[in-house]
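Breakdown of the fold
In case you want the letters, here they are:
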Amino acid sequence: VGALALGSAGAIGYFWTTSKLDTAGKVDFTNPLAVPPLAESTQDPSGARRFDLEIQSGAVAFKDGRETETWGVNGAFLGPTLRAKRGEEVAFAVRNSLDEGTSIHWHGMHLPAVMDGGPHQEVAPGGDWAPQWMINQPAATLWYHPHPHGRTGNHVYRGLAGMFIVDDDESDGLNLPKTYGVDDVPMIVQDRKLDGDNQFDDNGSFMSMQGLLGDQVFVNGTLGPYLDVSTRLVRLRLLNGSVSRLYNFGFDDDRPFSLIATDGGLLPSASETDRLQLSPGERAEIVVGFEPGETAVLRSYPADEGYSGPLGRVNGADDTLDICEFRAAESLTDTTAIPETMGAAPDLADTEPAEERSFSLSGFNQINGESMDLQRIDFGVREGSVEVWEVANADGFLHNFHVHDVQFQVLDVDGEEPPARLRGWKDTVQLVPQRKYRLAMRFTDYTDPNLPYMYHCHILAHEDAGMMGQFVVLGEGESIGQVPAVDSAH
Ligand code: C2O
Ligand code: CU
Ligand code: CU
C-alpha cells in the first residue's frame, strides 16, 4: 500500500493503494447467485406501465456474523430488474423512505431532462417523485442508480442500483437466450470492503484519487456466487456497477465468448473475444457456451489497456479477481443460437456535425479546467443536430466519460478504428490516458432551455468531486436559460 499527497487540490490529500489483489482460486463459490426479481408493474388508467419503487434501508447477512446495514429499492439491497418495451409509456411512483435525500437516474435512457433523475431531481426524505416517459430506443441493458450531487458514490456503495432491460420487436424475434435468470442472466458486479463488524467500509476512500476499491466482489449482492447452468448457451448481461473499479472479464480457461451488445443495445453481429474490459457504468451482453458437466470461473484479469498513475497501475488495473463460478448440468438444453444479424449499426460517421467540442478530464474533479456547478449550464445543443465531442483523459489516472440522454458512436480513437467493444452504441466510454476519443451523438425529441442533462466521469469519487458538466437541449430559436435552484435535502 502506498500513499502520496499531491498538492494540487487545496485541502484534499490524494492517495491511492498500489497493492495488487489476487483472489484467483481463493474464493469459495458457496452461494447460489441471486437473480434480482423482475419488478412487478400494473397498468395505469392512462395505459402506462406503472412501477412502484421504494428506496429504503435494511440489513443483509452477506456472511456469518453481524448483518450488514444496507440500502435497497423494494428490498434491503439493490433493486428489482425493471423491464419494458420500446413504444411503451412507463410511469414510476418513487418513494424515498431514507432519512436523507437521494434520486433515481435512468442511466442510458433517452428521456426528458425533468425525468432524468439527476442532481436536479433529488427526492427529499419521505418525499415522492413520479417520472413518466415513453420508451423510445432499441433493446438494451440499462441501469438505474442515485445521482444526488456529491453523494452518488456513497449511495451506490450502500446498495442503490438495479437493471433496466429494454426490449423491442426485433429483440423479441431473435433466437438469443432470453429466459430471465436461466439463460439470460443479469450480473451486477460490484466490489466492496466489509470491516471487522461486517459493515461496508468506505473509510474516507471516496476522497482518494482513484475512489474506493473493495477487496471482495459481489454479484447481484451475492458473495462467492455460483450459477447452475442448464443450457448450452448462456447470455450474461454484465454491468460494472462498482464505484471505481475497472474489470477485464474473462474465463479461467480462456474460453472464447461472443460480445453481442454494448451499452446502447445489440451489435449488428457478434464479435468473438476472450477478454472484455468494462469501466464503471458500462454494460455489455455476452453469450458463452458450456459443455455438459464442466465448470468455469468468470474472473477479472489485469487490464489490457494501461492505466498508470505516478505510483503504478490504478483502479484495480493489476488485480486478478474471481467473480462467479458456472456449473453446467450433465445434460444441457440446446435451443438457442447467436443470430447472424442482430441490432442496427451506429450510423453517425457520415453526418456532418453541427458542432464540435472538446473535453479534457484531469485530476480529481475537472473537465476543461472547471468543476461542476449546479447553477452553470456549460453549453446548449440544438435539438435534431449531430455533434462530435472529442474527449481525452489528460492525466494518467482512470477516467471514463458518460453522457446522459443519448447513445453515442465512438468514431475513432486517436484517429484509428475503435476496438470491437467500442463499435456499438455507447453511453459510457473508458478513456485510456492521453488518447483522443471522438464521439458522435444526435440530440432528439426533448428540449428544455433551463433543465440540464449531465456529462461526467463515472468514477463516482471523481463525479462527486465535480468532474461533471451540464448541457441543455434547445429547440429552434431557444437560448440557454436559468437552472431552477436545487432543493438538496441531505
Ligand atoms: Cu450512471 Cu450520470 O450516471
Ligand atoms: Cu447516466
Ligand atoms: Cu475520472
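Residue positions are given per chain, counting from 1 as you read along its sequence in written order. Lettering of chains starts at A and numbering of ligands starts at 1, both following the order in which they are written. Totals for whole chains, interfaces and linings use every residue, but because this is a predicted model, local features are given only for residues with pLDDT of at least 70 and side-chain atom pairs only at 80 or more, for both listing and counting.

Details of the overall build of the protein
Runs of H or I in DSSP of at least four residues are treated as helices and runs of E of at least two as strands, each being numbered from the N terminus. The secondary structure content of the protein amounts to 3 helices and 35 strands. Computed over C-alpha atoms, the radius of gyration of the protein comes to 21 Å, within 12% of the 23 Å expected from 2.2 N^0.38 for 490 residues, which places it in the range of a compact globule. Expressed as lengths along the three principal axes of its C-alpha atoms, the size of the protein is roughly 65 × 55 × 50 Å. Here exposure depends only on C-beta density: within 10 Å of a residue's C-beta, 20 or more other C-beta atoms make it buried, 12 or fewer make it exposed, and intermediate numbers make it partly exposed, the C-beta atoms being placed from the backbone. The proportion of buried residues among the 490 residues of the protein is 51%. C-beta atoms are first placed from the backbone for all residues, and any pair lying within 7 Å is then listed as a contact. A sequence separation of at least 24 residues applies to 79% of the contacts in the protein between residues at least 6 apart. We take the radius of gyration over the C-alpha atoms and set the globule estimate at 2.2 Å times the residue count to the 0.38 power.

Remarks on the sheet that holds strand S13 (residues 216–219)
Within the open sheet, the 7 strands sit side by side as S14-S13-S12-S16-S21-S18-S19. Their pairing is mixed. Whereas interior strands pair on both sides, the edge strands pair on one side only; in this sheet they are strand S14 (222–223) and strand S19 (265–273). Pairing analysis gives 3 bridges linking strand S18 (residues 257–262) to strand S21 (residues 283–289), with the strands arranged antiparallel. Looking at the pairing, Ser258 lines up with Val287 of S21. Strand pairing follows a simple DSSP-based rule, namely that at least 2 bridges must link the two strands.

What to know about the UniProt feature "domain: Plastocyanin-like" (unreviewed entry) in the protein
UniProt positions are given in the numbering used here, feature names are shortened, and annotations may be inferred rather than shown by experiment. As annotated in UniProt, the feature "domain: Plastocyanin-like" (unreviewed entry) corresponds to residues 55–170 and 362–473 in the numbering used here. Counting secondary structure, residues 55–170 comes out at 8% helix and 38% strand; the distance between its end C-alpha atoms is 33 Å. Taken end to end, residues 362–473 is 5% helix and 42% strand, and its first and last C-alpha atoms sit 26 Å apart.

Remarks on the domain arrangement of the protein
Per the annotation, domain bounds derive from an automatic or database assignment of domains. Each domain of the protein was delimited in the assignment, giving domain 1 (21–25 + 176–333), domain 2 (34–173) and domain 3 (355–474). When each unit is reduced to the centre of its C-alpha atoms, the spacing between domain 1 and domain 3 is 25 Å. Contacts between the two partners involve 31 residues from domain 1, matched on the other side by 22 residues from domain 3. At the level of elements, S18, S19, strand S20 (276–278) and strand S23 (308–309) are the ones that each hand at least two residues to the side of domain 1 that touches domain 3.

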